[in-house]
Amino acid sequence: MVAFIGAAAFNGVRATSTQVCRATSTVSMAQSKAVPFLPQPANLDGSMAGDVGFDPLGFSNMFDVKFLREAELKHGRICMLAALGWLVQEFYTFPFYPGAPKLATDAHDFFVQLGSLNQILIFASFFEIVAGVPGILQTMQGSGREPGYFAFDPLKLAKDDNSKYALSEVKNGRLAMIAVGGFVHQAWLTKMPVIEQLTNGKFLP
């Protein structure tokens, strides 16, 4: 009888241990939703808008996720403005810049020599020092400030539910970053603005 109870207890412990090992293995081997053949990044838990576990280079293991989200939102916002400006300047340029090239990559060099981009660099640096650096410090120190939050919502779009617009901003910002990268390279390769290139069907140099 004692031998039977002992064997049953041993088998129960062994079964329980096996179940725990399997459960632990399942948790540790959870796959990323964005990249199914890679493991789920440990620090990306899906709590942030647009977080689908995409971190193939492992940046979230090296840097604080809040710092990375602040950087992502800033670059996304800049690129959304840049994508719009890139297309608009193809059809309209300010009259007080005579002789400015139509191609944006050439215009960059033109305005660097003119000094206009130096002014933009100074203004952007000033804004970053006055608002950007204090903002990220507050976030990293646990003040409750959300990454990228500057209380800028003149149209009151997010006064009731911010989650919808937060997700839209992240998605459109990511798309804009890819788009601007494509704009730059196609301008280098084809020497044509975006709309002109599309209307002429010239997709290769």
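Residues numbered from 1 in each chain as written. Predicted model: local features only at pLDDT ≥ 70, side-chain atom pairs only at ≥ 80, totals over all residues. Heavy atoms only, no water.

Observations concerning the pattern of salt bridges
Tallying each qualifying case throughout the model produces five salt bridges. For glutamate 70, the salt bridge is made with arginine 145, and the minimal N-O distance between the two is 3.0 Å. Of this pair, glutamate 70 sits in helix α2 (residues 65–88) while arginine 145 is found in the loop between α4 (116–140) and α5 (162–190), placing the two residues 75 residues apart along the sequence. Among the residues examined, glutamate 70 registers a relative accessible area of 3% and is labelled buried. Several salt bridges share partner residues, and in doing so they unite Arg69, Glu72 and Arg174 into one network. (Salt bridge = Lys/Arg side-chain N within 4 Å of Asp/Glu carboxyl O. Helix = DSSP H or I, 4+ residues; strand = E, 2+ residues; numbered from the N terminus. Buried < 20%, exposed > 50% of the residue type's maximum accessible area, 1.4 Å probe, protein only.)

Let's talk about the environment of leucine 38
Along the chain, the position of leucine 38 falls in the loop between α1 (2–28) and α2. Since its relative accessible area comes to 27%, leucine 38 is described here as partly exposed. Ignoring sequence-local partners within four residues, the contact set of leucine 38 consists of Gln31, Ser32 and Pro56. (Contact = heavy atoms within 4.5 Å.)

Re the packing of helix α3 (residues 104–114) against α4
Viewed as axis vectors pointing N to C, α3 and α4 meet at an angle of 80°, and their least axial separation amounts to 4 Å. Classified by the angle their axes make, α3 and α4 are roughly perpendicular. The residues of α4 that touch α3, namely those facing His108, Phe111, Val112 and Leu114, are Ser116, Leu117 and Asn118. Among the residues making up the contact of α3 with α4, the classes are represented as four nonpolar, three polar and no charged. (Axes fitted to C-alpha atoms, helices over the stretch in contact; angles between N-to-C directions. Parallel < 35°, antiparallel > 145°, perpendicular 65-115°, else oblique. Nonpolar A, V, L, I, M, F, W, Y, C, P; charged D, E, K, R; others polar.)

Here we look at unusual backbone geometry
Residues other than glycine seldom take positive phi values, yet alanine 151 does so here, at roughly 55°. Position of alanine 151 among the secondary structure elements: in the loop between α4 and α5. Residue classification places alanine 151 among the exposed positions, given a relative accessible area of 56%. A positive phi angle, near 55°, is found at lysine 191, a position not held by glycine.

Let's talk about α3
Among the residues making up α3, those that are buried are Ala104, Thr105, Ala107 and Phe111. The buried residues of α3 occupy one face: seen down the axis, they fall within an arc of 155°. Considering only its buried residues, α3 is in contact with α2, α4 and α5. Immediately downstream of α3, the backbone of glycine 115 shows phi near 100°, a positive value. (Arc of directions from axis to C-beta.)

Examining the packing of aromatic side chains
Here the structure, examined in full by the defined rule, presents seven aromatic pairs. Pairing tryptophan 86 with phenylalanine 183 gives two aromatic rings, centres 5.9 Å apart and planes at 40°, and the pair type is tilted. With tryptophan 86 in helix α2 and phenylalanine 183 in helix α5, the pair connects residues that are 97 residues apart, well separated along the chain. Under the relative-accessibility criterion, phenylalanine 183 is labelled buried at 15%. (Phe/Tyr/Trp six-rings, centres within 6.5 Å; stacked < 30°, edge-to-face > 60°.)

Structural notes on the nonpolar core
Within the largest apolar cluster, 11 residues are counted, these being Cys79, Ala83, Trp86, Leu103, Ala104, Ala176, Val180, Phe183, Val184, Ala187 and Val194. Elements with a minimum of two residues in this core: α2 and α5. In contact with valine 184, other than residues within four places in its own chain, are Trp86 and Thr105. (Core = buried A, V, L, I, M, F, W, Y, C linked by side-chain atoms within 4.5 Å.)

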